[in-house]
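Descriptive analysis of the structure
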Amino acid sequence: MTEAAPSAPVVARNLFKTFHRETGETVKALEDVSFEARHGTLTALVGPDGAGKTTILRLIAGLMTAEKGELSVLGVDVAADPQNIQNRIGYMPQKFGLYEDLTVQQNLDLYADLHGIGHDARKEIYPRLMEMTDLGRFTDRLAGKLSGGMKQKLGLACTLVRAPELLLLDEPTVGVDPLSRRELWEIVTKLVREDGLTVVVSTSYLDEAELCDHAVVMHLGKVLAQGKPEEITARAKDQVFIATPDAGTTARSLQARLFRQEGVADAVPEAGRVRVVKQPDFGGGIRIDDKPVELEPVKPRFEDGFMILFSAVARKSQSSAVTLDRPKPAGGSEISVEVHDLVRKFGDFTAVDHVTFEVRRGEIYGLLGPNGAGKSTTFRMLCGLMPATSGTLRVAGADLRTSRAEARENLGYVAQKFSLYGDLSVDENLDFFASAYGLRGAKKRQRIEWSKDQFELGSLSTLPSGQLPGGFKQRLAMAAALLHEPDILFLDEATSGADPLARREFWGRITALSEQGVTVIVTTHFMEEAEYCDRIIILDAGRNLAEGTPAEIRAHAKPKKGEEANMEDAFIAIVEESRRETREKAA
């Protein structure tokens, strides 16, 4: 590692940090971590949940100290004088402390008061912050009434109100839709490129790392690699290919099979085909059913280099498929979910505005939209958790307006946040949910054993579920949701926070369930995951903007010159066009 520049705002050398759980277990949060963030640059800490990203940011902010190592921030030993650092930096944690019962303006004023910003200085600072975040039209709106993306922008504005010398951002785009995510990154990159601000940001979005000057790739408290994004990308040189499915085979089915093959570091659906990353040390060809798979070489990207690094240290599941404990239902064209003219109002506010769609048995259907679009409200109505104001809503043959309890018997649900009982063991959670679903005796024991076998949870039976490693929390949540053999599975941002390997395995299981007749309805902010869907609907302001297959949705995209259209480009184009038309009508 090169010597630190004298002006480097952050210099970390050989940092170690451990935490001690109530069970007596010691967790190594950081192990021999070294990096630096140079002046006027954007440094990304990249990795999944549990990588150590938040711990590093808290150390830099002087909120905790390392057991070993050296950490200099703005030329100061942060452990010796944390208050000095805290007076000079801006730190935006994952859950920024907005006051939801105060307006946008009142939140800004509160943070200005806390930092001793005088009225004359505010006259200079506020207009720039309002222009930067586009919040000037909403100064009188309560923070609690803002969308997720707008809340993040307000949090950033409050963090910047005192013009910090160093900005720390902890997962600023988690749970934020693609349009708001792009807008947030435009703000951050402008601060770096035009204002010369030094920014250290943690992220689990691999495409965001490509926007940075320096990337530190982490896993389980260790640095796997660091350097310019193109240096990480170069690790996948000559290892990235495109595979085209045969007629009658979906991209997601081919992806699920390729991902399980020896020598494959990664496989993801991409524009109707599959992007495949081979392990550098694998000399053979990729085969399925003893037949070679034709692979077309393509240029690597950051995610490909990351997956080569990550797959070398993370264990793949023995099987990312699920075999149901029942035969596939006969037929397959009948409608599992019927939504017609669905409306949900909260007082004078219409959250869902005459939405109509159908989902057939065995389909994977994507419910997408910006923050505040109405998709969560629609999702809750589909699950029978909230009544509709008007419209038709039938799920698994039951009318949800009159037979919600009957419909819920056929539904499984996996929530965005891990929603099981963290203090209970794997076995205790499965026992509790099996009982809640009405399973008893031998049937209950059989279903619990089935779920542990299918999701490879047997060796973790006695571990408290809150301490499960990596993607095992997602596995347990899905295992619990499938105990009663539901016909329809709802996934609400179910892969949020999961590492890329766990997300690939998760979708392999979803693909297997779909092929066995289970209907899946999913919400996600990962646009590449929309490629796993048979059909997609995009909502905004409670209205249906577009519906169709991934190929039909991608046709709306406006890609940059020389680039192929992708789902994120299409999503942003559809939403922006709709909002432009709405503004023109209102003018």
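This text gives an overview of the structure that appears in the document. Since the model is a prediction, treat every value here as computed from it, not as a measurement. (Residues numbered from 1 in each chain as written. Predicted model: local features only at pLDDT ≥ 70, side-chain atom pairs only at ≥ 80, totals over all residues. Heavy atoms only, no water.)

So, the layout of surface pockets
- When its volume is computed, the second largest pocket comes out at roughly 1700 Å³.
- What lines the second largest pocket is a set of 49 residues, and nearest its centre among them are D207, R301, E563, N566 and D569.
- Taken together, the elements giving at least two residues each to the lining of the second largest pocket come down to α6 (178-195), α7 (206-209), β12 (264-270), β13 (273-278), α10 (302-311), α16 (500-515) and α18 (567-586).
- No other element matches the seven residues that α18 contributes to the lining of the second largest pocket.
- A breakdown of the residues in the lining of the second largest pocket according to their chemical character gives 19 nonpolar, five polar and 25 charged.
- Each of domain 1 (10-224) and domain 2 (233-313) accounts for three or more of the residues forming the lining of the second largest pocket. (1 Å grid on protein atoms, 1.4 Å probe; cavity = no way out; pocket = protein on both sides within 12 Å on 5 of 7 lines; lining within 4 Å. Points joined across faces, edges and corners; volume = space filled by probe spheres on them. Helix = DSSP H or I, 4+ residues; strand = E, 2+ residues; numbered from the N terminus. Nonpolar A, V, L, I, M, F, W, Y, C, P; charged D, E, K, R; others polar. Domains from an automatic or database assignment.)

Here we look at the sheet that holds β12
- The strand order β12-β13-β11-β16 describes an open sheet built from four strands, whose pairing is antiparallel. In this open sheet, the two strands that pair with only one neighbour each are β12 and β16 (296-297).
- Note that strand β11 (residues 240-243) and β16 share two bridges and pair antiparallel. Residue I242 lies in a different strand from β16, and its bridge partner there is E296.
- Along the sheet face, helix α9 (residues 251-259) touches β11, β12 and β13 and points at about 175° away from the line of β12. (Pairing = 2+ DSSP bridges. Contact = heavy atoms within 4.5 Å. Axes fitted to C-alpha atoms, helices over the stretch in contact; angles between N-to-C directions.)

Some remarks on the packing of aromatic side chains
- According to the stated counting rule, one finds 11 aromatic pairs in the structure shown.
- Ring plane angle 85° and centroid distance 5.3 Å describe the contact between F432 and F433, whose orientation is recorded as edge-to-face.
- The exposure class assigned to F432 is partly exposed, which follows from its relative accessible area of 39%.
- Classification of F433 as buried rests on a relative accessible area of 16%.
- Here the aromatic residues F379, Y413 and F490 are joined through ring pairs into a cluster of three or more.
- Positioned above the aromatic ring of F16 is the side chain of K68, whose terminal nitrogen or guanidinium carbon lies 4.6 Å from the ring centre.
- The lysine or arginine in question, R503, covers the ring of F526, its NZ or CZ lying 3.7 Å from the ring centre. (Phe/Tyr/Trp six-rings, centres within 6.5 Å; stacked < 30°, edge-to-face > 60°. Buried < 20%, exposed > 50% of the residue type's maximum accessible area, 1.4 Å probe, protein only. Lys NZ or Arg CZ within 6 Å of the ring centre and 35° of its normal.)

A word on the packing of helix α13 (residues 426-436) against helix α14 (residues 441-454)
- It is the contact of α13 with α14, at a shortest axis distance of 10 Å, that shows an interaxial angle of 135°. For the element pair α13 / α14, the angle class is oblique. The way α13 lies across α14 gives a crossing that is right-handed. Counted together, D427, L430, D431, A434 and S435 of α13 and K444, I448, S451 and K452 of α14 form the full contact between these two elements.
- Looking at the contact of α13 with α14, its residues break down into three nonpolar, two polar and four charged. (Parallel < 35°, antiparallel > 145°, perpendicular 65-115°, else oblique. Left-handed = near helix turned anticlockwise from the far one by under 90°.)

Comments concerning empty space enclosed by the protein
- A complete count under the given rule lists three cavities of 30 Å³ or more for this structure.
- Estimated volume of the largest cavity: approximately 40 Å³.
- Contributing to the lining of the largest cavity are M92, Q152, L156, L169, P172, L184, W185 and V188.
- Elements supplying a minimum of two residues to the lining of the largest cavity: α5 (148-159) and α6.
- Among the elements that line the lining of the largest cavity, the one with the most residues is α6, at three residues.

Re the pattern of salt bridges
- On inspection of all chains with the given rule, the structure shows 43 salt bridges.
- Here E67 makes a salt bridge to K17, at a shortest N to O gap of 3.7 Å. Taken together, the positions of E67 in the loop between α1 (53-60) and β4 (68-73) and K17 in strand β1 (residues 10-20) put the pair 50 residues apart, joining distant regions of the chain.
- A residue is classified by how much of its surface remains accessible, and E67, at 44% relative accessible area, is partly exposed.
- Each member of the salt-bridge network shares a partner with another, and the members are R181, D207, E208 and E568. (Salt bridge = Lys/Arg side-chain N within 4 Å of Asp/Glu carboxyl O.)

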